[in-house]
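# Per-entry structural report
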Amino acid sequence: MATIVTERISRVFISLQQIRQVPQMLTEAAPSMPGTVRDTEVPYYFRERYVCTGYRPLNQNWRYYLLSMFQRHNETLNIWTHLLAFLVFLVKLRQLAETVDFVEDQHSWPLLILVLSSLIYSAFSVAAHLLGGKSELCHHCFFFLDYVGVAQYQYGSAVVHFYYAVDDGLHRNLQGIFMPAATVLSCLSCLGCCYGKYCNHSLPSWVRKVCQVVPSALAYIWDSSPVAIRLFSWSSSDPAIVYHFSQVAFFLSCAFFFTVPLLEGCFPGRCDFVGQSHQMFHVFLSCCTLCQIQASHLDYVSRRELYSHLHEAGDAALFVGLYVVTLVACALIVVFMLRKVKKCM
């Protein structure tokens, strides 16, 4: 017994020693890391409205951009908000896997798609904000990847809403149409975002926002229609209704902060590191996703008799197939847009 305790104490001691070495490693790396620069020292397509300082210099080695997640710059909080969200979603998946049979129960597959799509969009967002500042090509590459993450998350939202939250009337009217339309709208959202980023060279910033916001808004309206109908006929006995209300409120908040540079517009240059609207967008989107996962899980548990009656045996497998189609189509869109970017370089 004493030997086991001694071994565990020694392991803890070794772990603590390794943790203590992290600040030293960062300190040794810091002298080789350039400081941040002003907006006038980076190409205009890297600049964000009303953000004047905190830009990382271009064309550094990959080590610099990876270690920059511990550096103070105008993307630091954008990185950490979605990195923490990714870890929370990962913990949520582990918790769900303890009670939900994601392998044998096909009715659980839409819920799995939602959680996986949440992990993917948060991971792709971290990669874009962490590594997108290396060069023009990397900027487009990683942010196009970010838009793929957004598009496939839109599909994940659609599938859980249509599978678990839909009522009998809407399902009867849109059966066979809803999910294919959700796939098309997700791909259009990816295309619109990529095209807006591509046109950032020649068109005003508001045009980019229109290209990004309009397809995404159409996708959200369509994907959330089952939830909207559910909210209009809400019942206090519905265990998921509070989370559905919360996810809509959080989404409207993040949509506002995505389109309106509120604080940095009111205080130019004072929100370069903390207080940017995009940081608030990340926080509200993560909260929206967490409420959405919780609502979908509660619907999965409490509405099983209804959705088992509405959906045929092969519907879940079909929706998984459409998810794969969405991913492939978005990947092809990115390849197409990257070719256009390379021609302009």
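Residues numbered from 1 in each chain as written. Predicted model: local features only at pLDDT ≥ 70, side-chain atom pairs only at ≥ 80, totals over all residues. Heavy atoms only, no water.

## Re helix α10 (residues 241–259)
Note: α-helices contain 3.6 residues per turn, so residues at a spacing of three or four share the same orientation. The cut-off we apply is this: The secondary structure listing takes helices from DSSP runs of H or I that are at least 4 residues long and strands from runs of E that are at least 2 residues long, numbered from the N terminus. By this rule, a helix spans an expected 1.5 Å times one less than how many residues it contains. Remark: exposure states derive from per-residue accessible area (1.4 Å probe, protein chains only) relative to the maximum for the residue type, with buried under 20%, exposed over 50%, and partly exposed in between. Throughout, a residue-residue contact means that at least one pair of heavy atoms, one from each residue, lies within 4.5 Å.
Taking 1.5 Å of rise per residue, the 19 residues of α10 would be expected to cover 27 Å, and the 27 Å separating its terminal C-alpha atoms lies within 8% of that figure. Regarding α10, the residues found buried are Ile-241, His-244, Gln-247, Cys-254 and Phe-257. Taken together, the buried residues of α10 touch α5 (136–165), α9 (225–232), α11 (262–266) and α12 (277–302).

## A word on the UniProt feature "transmembrane region" (unreviewed entry) in the chain
To be explicit about the condition: UniProt positions are given in the numbering used here, feature names are shortened, and annotations may be inferred rather than shown by experiment.
The residues that UniProt annotates with the feature "transmembrane region" (unreviewed entry) are residues 77–97, 109–131, 143–165, 177–198, 241–267 and 316–338. Span residues 77–97 is 100% helix and 0% strand, its end C-alpha atoms 30 Å apart. Across residues 241–267, helical content stands at 89% and strand content at 0%; the span's end C-alpha atoms are separated by 38 Å.

## Observations regarding the confidence of the model for the chain
To be explicit about the condition: Residue-level confidence of the predictor is what pLDDT reports, using numbers from 0 through 100.
In the predicted model, the chain carries a mean pLDDT of 90, and 90% of its residues have values of at least 70. Within the chain, the lowest mean pLDDT, 50, falls on helix α1 (residues 2–29), and the highest, 98, falls on helix α4 (residues 109–131).

## A few points about α4
For α4, built from 23 residues, the straight-helix expectation of 33 Å at 1.5 Å per residue is met to within 8% by its first-to-last C-alpha distance of 32 Å. Of all the 23 residues making up α4, 17 are buried; the element is thus mostly covered by neighbouring parts of the structure.

## As for the packing of aromatic side chains
Formally: Aromatic contacts are taken between Phe, Tyr and Trp rings whose centres are within 6.5 Å, Trp giving its six-membered ring; a plane angle under 30 degrees counts as stacked, one over 60 as edge-to-face, and the others as tilted. Only when the NZ atom of a Lys or the CZ atom of an Arg is both within 6 Å of the ring centre and within 35 degrees of the ring normal do we say a charge sits over the ring.
Counted according to the given criterion, the structure contains 25 aromatic pairs. Relative to Phe-46, the ring of Tyr-45 has its centre 5.0 Å away and its plane inclined at 40°; by these criteria the two rings are tilted. The exposure class assigned to Phe-46 is buried, which follows from its relative accessible area of 10%. Cluster of aromatic residues (ring-pair linked, three or more members): Phe-162, Tyr-163, Tyr-164, Phe-178, Trp-222, Tyr-300, Tyr-307 and Phe-319. Between Arg-72 and the ring centre of Phe-273, over which it is positioned, the NZ or CZ distance is 3.8 Å. The aromatic ring of Phe-143 is capped on one face by Lys-197, whose charged end is 4.6 Å from the ring centroid.

## Points about the pattern of salt bridges
Going by this rule: Salt bridge, as used here, is a side-chain nitrogen of Lys or Arg placed within 4 Å of a carboxyl oxygen of Asp or Glu.
Going through the model one piece at a time under the given rule, you end up with four salt bridges. A salt bridge links Arg-304 to Asp-105, with the nearest nitrogen and oxygen atoms 3.1 Å apart. Remark: Asp-105 occurs in the loop between α3 (76–99) and α4 and Arg-304 occurs in helix α13 (residues 304–310); sequence separation between them is 199 residues. Classification of Asp-105 by relative accessible area gives buried; the value is 14%. As a salt-bridge pair, Asp-299 and Arg-230 come within 2.6 Å of each other at their nearest N and O atoms. Remark: Arg-230 occurs in helix α9 and Asp-299 occurs in helix α12; sequence separation between them is 69 residues. One exposure class covers both Asp-299 and Arg-230, and it is buried. Three or more residues joined by partner-sharing salt bridges are found here, namely Arg-230, Asp-238 and Asp-299.

## Comments concerning the nonpolar core
We count it as follows: Buried Ala, Val, Leu, Ile, Met, Phe, Trp, Tyr and Cys residues that are joined via side-chain atoms within 4.5 Å together make up what is termed a nonpolar core.
Core analysis: the biggest nonpolar cluster contains 40 residues, and Tyr-155, Val-159, Tyr-164, Met-179 and Phe-319 have the highest contact counts within it. The leading source of residues in this core is α5, at eight residues. Residues in contact with Met-179, not counting those within four places in the same chain, are Tyr-155, Ala-158, Val-159, Phe-162, Phe-319 and Leu-322. Membership of the second largest hydrophobic core comes to 31 residues, among which are Leu-130, Phe-142, Cys-330 and Ile-333.

## Concerning the UniProt feature "binding site: Zn(2+)" (unreviewed entry) in the chain
Under the convention used in this document: Polar contact is the term for a pair of N or O atoms within 3.5 Å; when the atoms are in protein, one must be able to donate a hydrogen and the other to accept it, and sequence-neighboring residues count only if both atoms are side-chain atoms.
Under the UniProt annotation, "binding site: Zn(2+)" (unreviewed entry) lies at His-129, His-278 and His-282. With the annotated positions falling across 154 residues, the maximum pairwise C-alpha distance of 11.6 Å places them together in a single cluster. With respect to the helices, strands and loops of the structure, His-278 is situated in helix α12. Side-chain polar atoms of His-278 contact the side chain of His-129, separated by 3.5 Å. Residue position: His-282 is located in helix α12.

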